[in-house]
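Notes for the structure review
So the chains spell out like this:
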Protein chains: 4
Amino acid sequence: MGMIGGGSGSFIGDVHRKAASIDGLIELVCGAFSSDPEKSIKSGQALYLPENRCYRSYEEMILKEKALSEEERMDFVAIVTPNHMHFSPAKMALEHGFHVVCDKPVTLTLDEALALESIVAKSGKLFALTHNYTGNALVKQARAMVANGDLGTIRKIQVQYLQGWLSTAVESTDNKQAAWRVDPTKSGIGGALGDIGTHAENLVEYVTGLKIDELAADLGVFGEGRVLDDDGNVLLRMSNGAKGTMSISQIALGEENNLAIKVYGTRGSLEWHQENPNQLITHWLNDPIKVYTPNGNNLYPECLNVSRIPAGHPEGYLEAFATIYKNFATHAMAVLAGETIEFPDYPTIDDGVRGMKFIYAAVESNKNNAAWTTLD
Amino acid sequence: MGMIGGGSGSFIGDVHRKAASIDGLIELVCGAFSSDPEKSIKSGQALYLPENRCYRSYEEMILKEKALSEEERMDFVAIVTPNHMHFSPAKMALEHGFHVVCDKPVTLTLDEALALESIVAKSGKLFALTHNYTGNALVKQARAMVANGDLGTIRKIQVQYLQGWLSTAVESTDNKQAAWRVDPTKSGIGGALGDIGTHAENLVEYVTGLKIDELAADLGVFGEGRVLDDDGNVLLRMSNGAKGTMSISQIALGEENNLAIKVYGTRGSLEWHQENPNQLITHWLNDPIKVYTPNGNNLYPECLNVSRIPAGHPEGYLEAFATIYKNFATHAMAVLAGETIEFPDYPTIDDGVRGMKFIYAAVESNKNNAAWTTLD
Amino acid sequence: MGMIGGGSGSFIGDVHRKAASIDGLIELVCGAFSSDPEKSIKSGQALYLPENRCYRSYEEMILKEKALSEEERMDFVAIVTPNHMHFSPAKMALEHGFHVVCDKPVTLTLDEALALESIVAKSGKLFALTHNYTGNALVKQARAMVANGDLGTIRKIQVQYLQGWLSTAVESTDNKQAAWRVDPTKSGIGGALGDIGTHAENLVEYVTGLKIDELAADLGVFGEGRVLDDDGNVLLRMSNGAKGTMSISQIALGEENNLAIKVYGTRGSLEWHQENPNQLITHWLNDPIKVYTPNGNNLYPECLNVSRIPAGHPEGYLEAFATIYKNFATHAMAVLAGETIEFPDYPTIDDGVRGMKFIYAAVESNKNNAAWTTLD
Amino acid sequence: MGMIGGGSGSFIGDVHRKAASIDGLIELVCGAFSSDPEKSIKSGQALYLPENRCYRSYEEMILKEKALSEEERMDFVAIVTPNHMHFSPAKMALEHGFHVVCDKPVTLTLDEALALESIVAKSGKLFALTHNYTGNALVKQARAMVANGDLGTIRKIQVQYLQGWLSTAVESTDNKQAAWRVDPTKSGIGGALGDIGTHAENLVEYVTGLKIDELAADLGVFGEGRVLDDDGNVLLRMSNGAKGTMSISQIALGEENNLAIKVYGTRGSLEWHQENPNQLITHWLNDPIKVYTPNGNNLYPECLNVSRIPAGHPEGYLEAFATIYKNFATHAMAVLAGETIEFPDYPTIDDGVRGMKFIYAAVESNKNNAAWTTLD
């Protein structure tokens, strides 16, 4: 793995590195960790990389790695930069024959996302998007339960992703994470929408197997001087007629990473909370409440395959993140071995395009006073 | 207390009787428990009432009780019939000088509610509406925290009231509760909206002290053959600029009485869940999470006054309901004694009118594809 | 019902009155509310009792009520005094033909308990002991599950009753509740043991249907100047070979009324928490966790009969307490009607004797450095 | 890092490898993964190790690695074999100049532990014992709160480690984990005592800073044909006069890894649950309940230093385990650099000896019908 972005002080770069390492399948071999060449090289050294694999720019990295022997060169690129720096390195990496893992949202604009969709297709390379929460074992169980019809027909959905860290003007402090997220030139047209709303959107569509047909979004810009949404309340209409709400916020004071989903069907319902990820609570027409735990009883294989450790030993954020990397790496190795994997089970460029359509639909709906707006 | 409705087999009549009795202030002395005279009298006898206080109709009850000495006659009327049978008995009772306690929603139509508002005013009598959940000790604490500015300026609200008991066509079975609730001639224009949505609306306005300015409602009618909403997703805009969501449902399979509220301010936030009513969870900018319990530490007097038993001994639905009765009875006794109570703290005809406006606004918004609709 | 004790300022008298009233079966008709005649009469008047039914002493009450017509006189006596004032009024009431409801522990000493056992037997009258927690719907469910063999053979038990209100020297303040509880002339030889340990003991034996064969108790006296235990850790060996722990405390700072039980069998296990009484959590060899709620799915009739209100509307302390009164009153009415009830399902003098044996065994074990001590 | 044990099919070897890798400080460079030379080598290859670093025995590994240059050779040995295979490799590694990380309990017998204590001292090398649960951020917070006197004087303790996986005779199936754990030649004289009891013992002493002075243990052997304890109930007396209970079990059906601790002091109390590790619940004399979360507000530096990711993103079992490795590796690097770390904060040989004394005291107490037995 070669990394683009994620130099010292970065939050998400470190997460990607830890997550990629957990399962012993992936090794960081090189990186262009910063747009500042000095910083890039220093960051690589701090990670114990050999000097000649610490690059001054991602362009240099892609070209020099390409020139190495197949044995030696990186197998794929991980892009962990702010949104505006996703498209160009992804394009170059794919066009030079490297698979790509990319942080979300996939690009700065919807146009970039659509362009990247074509580039991926043309390249024949793999593209993984780190909607990491779908890597949780019990999210897999939830998806399998819906897919197998256990809940009957889905009628109602609640999804939320609530944070409070932008309750105050942290972007005016030296908080790098906040600074670029409130800046449309780096984040795109969505604020909370892009940063966490896309996770909520992806989770809903992943778990239910349904598409959001149309939405009505009432966005808020509560932080003084901000131009991007830091809060949003959204009505959802799903492809099968189900209805729902989505609530996202970065000014929900006190919330940490309260991503949660509830799905109600005609035969059963389920709820899952990211902050307590090792419980899946389900309700049934004629049975008592049933609570599933990873590696507990009566789980679908899609869930059992995911857990690394025995029941009752909590897995968390990094493990879920690692599952995205593991499934991607397994797919990449299968491709190398000429094998086929029917459902590699990690988010792809399709999820990326979908996320951008979600952002654009929500922003447009909000401009029209929360008028219903389709995602296609 | 004389009761109108609540004959054998009724659910809510029994609740009113139990709730009224808990604090030893109120005694059931008479009743017209059914529109069927036979059934009314039998119901009264089963409640150990003397034969001459078991009436054949509410009209008879009001007239005969009026004719009794002040000492002997009932002090007030409790109306626990379906919605379409609220207005007439309430009007007659008030006009004959009796205070009234009435179940919610206050009337069948908004017009009736507005008419009743005038009648109450003219009568000079007390009118209590049993939005019982606001009787919980920690709902009082929540309200006091907001009122005292502890949370700062309110920015975001989530409220929900989710039930699942109408997930299947129970109205086709012998479920009397379901039958009238899905019948617009008895329920009015709102289904879930009237039955539980008004509780959610009342809770939001009670706790935050804010008014819902406008809403955008997407209602669902999922049960086959139904004409009234059994599900609703609503965007809220509050009088101070706060935004929020409301989700109500009677087809949220597995939910029992999941009424819950979250309020986010600029300095703190709180959440309360009816099914776990003895915890108020709060978050703060610079403090750890604080959880309040009834009769625990650091409570406002408004909350301390409410609990009947020591900390750790759960109070529940009946106790909260009883608090409405207790505060109403206390007010009635004060009036009798010529005393004034500044804030008697029970829902009144104003709350009733507000609830009907909410129902009408939501239904109208839904007709217009969830267009923003004001409540006034 | 005639009440002995429970005058103004009393905590538990008020609880008994509220609990007795909830189900509309019992009316307070007279009382001797205090050993101070003035206070007794004033207390009765504050409860709206007629003057001639407010008695100056329990002896007067029993004699004068006895002299009334059957129609008019109280049906039973409720004794809500401190422990040292249980035996004499209970004895007199029984011997004058009144049923008795008595607070726990049943008497001051084991000898008194054994004597009372004979008196009850000889009188042919009913005797109920208010181990109120066993009145919870889900405690009934737990008992039924064990009795029906759902859990298989019971192997392990954890029970605790933890409070923190005696963490500081509240008995030196004007806290009447604390004052008599730390006084052996009023409490007997057990402190926390008698006040809450007997609840824990009763709960274990009620739920499991097993007896505590022997115990090893390490008691603590942490409060300065106290002579009675305010804390205890106990090993249990049950009649079927199961083993367990009991932890009781009134100096467990921050605990409110944390009574909880876990029972592990060869096929399943269960746990119940008094502070969250509307959930029964169960685990199974080959099934996911199942959580039962009152009036939810798959409950035993013993549980369904108990709940007064629909699923999701919490019942609490008073309702559980009321169930003891309801079952007792139902039994008393059946007796009056010459009918038989197979299992009236409320704690009796047998539970009272058992509780005293528990206290005495624990105190003796503790004297012998936690040596194993039998309960018989 | 060179690993001893942990070949294919091992559970804990994989955990150690993942945990060691998370923070990017430690690389697996060699191993003797099995006592079967073939299996050892195959296991190493499956881990992508170079052939010449896959050894046929631990003796070979220690000798050959010793012969490598300092640059190249492993920095330390991780011993992840069953208990009876801890002492010899640890001794040899230490005596050949390697630091050691060892799984718990430290050895098969107390004599071995005492011998190893001397060997560690003589060697001057570091020895870490993987009592991994103490690596949780909020366990550090709990310890710091007690150490700083926030809770006042500790009076009461509850600790438990409950599992249910030995509820049935899984040792008769092909469950390798179960087979050696019920075999005294591989486990030592303690069954559940050694496997999980030592974790409970270590957690109590780590969090409270107190020592267990004496204990009274009632052990159970519930599984048919077993000779070692699979259940235990223990009374504790601590070095400062505090009292408590410990409950451990591997036949507590349905329990997964329910390690939990409650500590009650004169000013506050705390509780922590391993299965929900990202919450520390605290109670106070005059404040509401406060709940701490990793990277939340008002944490001690000892806790803040531990979390790798922002608040609300759960860390779990592997992260806590990784913290032991991180602190150990940091210490080893400091030693290499000639620096001193005042409190390296990982369990050492002292904890290992303490754990063995605990096992021996409990077994002896149990032989004497739960007589009080000291740990020294």
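Every value quoted in this text rests on a predicted model; they were computed, and no experiment measured them. (Residues numbered from 1 in each chain as written. Chains lettered and ligands numbered in written order. Predicted model: local features only at pLDDT ≥ 70, side-chain atom pairs only at ≥ 80, totals over all residues. Heavy atoms only, no water.)

1. Quick notes on the sheet that holds strand E4 (residues 99-102) of chain B
Residue and element names in this part refer to chain B. For clarity, the threshold we go by: Pairing between two strands is assigned when DSSP locates at least 2 bridges connecting them. Secondary structure is summarised from DSSP: a helix means a run of H or I of at least four residues, a strand means a run of E of at least two, and numbering begins at the N terminus for each. For every element, the axis is a line fit to its C-alpha atoms; helices are fit only across the contacting stretch, and the angle between N-to-C directions ranges from 0 to 180 degrees. Working rule for contacts: check all heavy atoms of both residues, and any pair within 4.5 Å makes them a contact.
The five strands lie next to each other as E2-E1-E3-E4-E5, forming an open sheet whose pairing is parallel. The sheet terminates laterally at strand E2 (30-32) and strand E5 (127-129), the two strands that pair on one side only. Along the sheet, successive strands turn relative to each other by an average axial angle of 15°, direction set aside. The pairing of strand E3 (residues 76-79) with E4 spans four bridges and is parallel. When the sheet's bridge partners are listed, Val-77 is paired in E4 with Val-100. Against the sheet, helix H3 (residues 58-67) contacts strand E1 (2-4), E2 and E3, and its axis sits at roughly 150° relative to E2.

2. Quick look at the pairing of strand E13 (residues 289-292) of chain A
To keep it simple, the criterion reads: Each residue is assigned to one of three classes by its accessible area relative to the maximum for its type, calculated with a 1.4 Å probe on protein chains only: buried under 20%, partly exposed between the two thresholds, exposed over 50%.
Neither face of E13(A) is exposed, since A:Ile289 and A:Val291 on one face and A:Lys290 and A:Tyr292 on the opposite face are all buried. By the bridge criterion, three bridges tie strand E12 (residues 280-284) of chain A to E13(A) in an arrangement that is antiparallel. What sits directly across from A:Ile281, in E13(A), is A:Val291. Hairpin connection, E12(A) to E13(A): the antiparallel pair is bridged by four residues. Examined bridge by bridge, E13(A) and strand E13 (residues 289-292) of chain C share three bridges and lie antiparallel to one another. Looking at the pairing, A:Ile289 lines up with C:Val291 of E13(C).

3. What about the pattern of salt bridges?
Convention followed: A pair is scored as a salt bridge if a Lys or Arg side-chain nitrogen falls within 4 Å of a carboxyl oxygen belonging to Asp or Glu.
If you walk through the whole model with that rule in mind, you get 94 salt bridges over all chains. For A:Arg237, the salt bridge goes to A:Glu214, with nearest N and O atoms at 3.0 Å. Separated by 23 residues along the polypeptide, A:Arg237 in strand E8 (residues 231-238) and A:Glu214 in strand E7 (residues 212-220) bring together distant segments of the chain. A single burial state applies to A:Arg237 and to A:Glu214, both of which are buried. Between C:Asp195 and C:Lys104 there is a salt bridge whose closest N-O contact spans 3.5 Å. Taken together, the positions of C:Asp195 in helix H9 (residues 192-208) and C:Lys104 in the loop between strand E4 (99-102) and helix H5 (110-123) put the pair 91 residues apart, joining distant regions of the chain. Neither C:Asp195 nor C:Lys104 differs from the other in exposure class; each is buried. Among the charged side chains, a salt-bridge network with shared partners connects A:Asp14, A:Arg17, A:Lys18, D:Asp23, D:Arg308 and D:Glu315.

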